[in-house]
Amino acid sequence: MLYLRNQKNKGKLTKEEKIVYSNLENILELENEEQYTEEEQEKINKFMRRLEESNNGKTCD
């Protein structure tokens, strides 16, 4: 599900992925209603940066 959302945001869905996405759109488009503290959001952002870096072949510190 995360993969599909990321691909959709990048505009890189394949034909098959577009079909799957349209079937699951109600679920995939749910907004995150949880509220995080500044510290929690900072940790989430750090994790997401590291995840993105690892996906780009970069190493984490």
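First, a word on what this report is: a plain description of the structure on this page. The structure displayed is predicted, hence computed values, not measured ones.

Thresholds applied
- Residues numbered from 1 in each chain as written.
- Predicted model: local features only at pLDDT ≥ 70, side-chain atom pairs only at ≥ 80, totals over all residues.
- Heavy atoms only, no water.
- Patch = residues over 30% accessible without salt bridge, like charges linked within 9 Å, V, L, I, M, F, W, Y side chains within 5 Å.
- Areas by Shrake-Rupley, 256 points an atom, 1.4 Å probe, with all protein chains shown as cover.
- Salt bridge = Lys/Arg side-chain N within 4 Å of Asp/Glu carboxyl O.
- Helix = DSSP H or I, 4+ residues; strand = E, 2+ residues; numbered from the N terminus.
- Buried < 20%, exposed > 50% of the residue type's maximum accessible area, 1.4 Å probe, protein only.
- Contact = heavy atoms within 4.5 Å.
- Axes fitted to C-alpha atoms, helices over the stretch in contact; angles between N-to-C directions.
- Parallel < 35°, antiparallel > 145°, perpendicular 65-115°, else oblique.
- Nonpolar A, V, L, I, M, F, W, Y, C, P; charged D, E, K, R; others polar.

## Structural notes on a nonpolar patch on the surface
Taken together, the side chains of Met1, Val20, Leu24 and Ile27 present a nonpolar region at the surface, about 350 Å² in accessible area. One can find Ile27 in helix 2 (residues 15-28). Among the residues examined, Ile27 registers a relative accessible area of 47% and is labelled partly exposed.

## Regarding the side chain of Gln7
Looking at where Gln7 falls in the secondary structure, it is placed in helix 1 (residues 2-10). Classification of Gln7 as buried rests on a relative accessible area of 12%. Beyond its immediate chain neighbours, meaning those up to four positions away, Gln7 contacts Lys12, Leu13 and Glu17.

## A word on the packing of helix 1 against helix 2
Remark: helix 1 packs on helix 2, axes separated minimally by 10 Å, with the N-to-C direction vectors making an angle of 105°. Classified by the angle their axes make, helix 1 and helix 2 are roughly perpendicular. Note on element contacts: helix 2 touches helix 1 through Glu17, Val20, Tyr21 and Leu28, opposite Tyr3, Leu4, Arg5, Gln7 and Lys8. Partitioning the contact of helix 1 with helix 2 into residue classes produces 5 nonpolar, 1 polar and 3 charged.

## Remarks on the environment of Leu4
In this structure, Leu4 sits in helix 1. Classification of Leu4 by relative accessible area gives buried; the value is 10%. C-alpha of Leu4 to C-alpha of Leu28: the two residues are 24 residues apart in sequence and 8.2 Å apart in space.

## Thoughts on the pattern of salt bridges
Pairing between side chains becomes possible if they bear opposite charge and their charged atoms approach one another. Under the criterion given, the structure shown has 1 salt bridge. In this structure, Lys43 engages Glu39 in a salt bridge whose closest nitrogen and oxygen atoms are separated by 3.5 Å. Note that Lys43 and Glu39 are positioned in helix 3 (residues 38-55) at a spacing of 4 residues, about one turn of the helix. Both residues of the pair, Lys43 and Glu39, count as exposed.

That is the geometry; function is a separate question.
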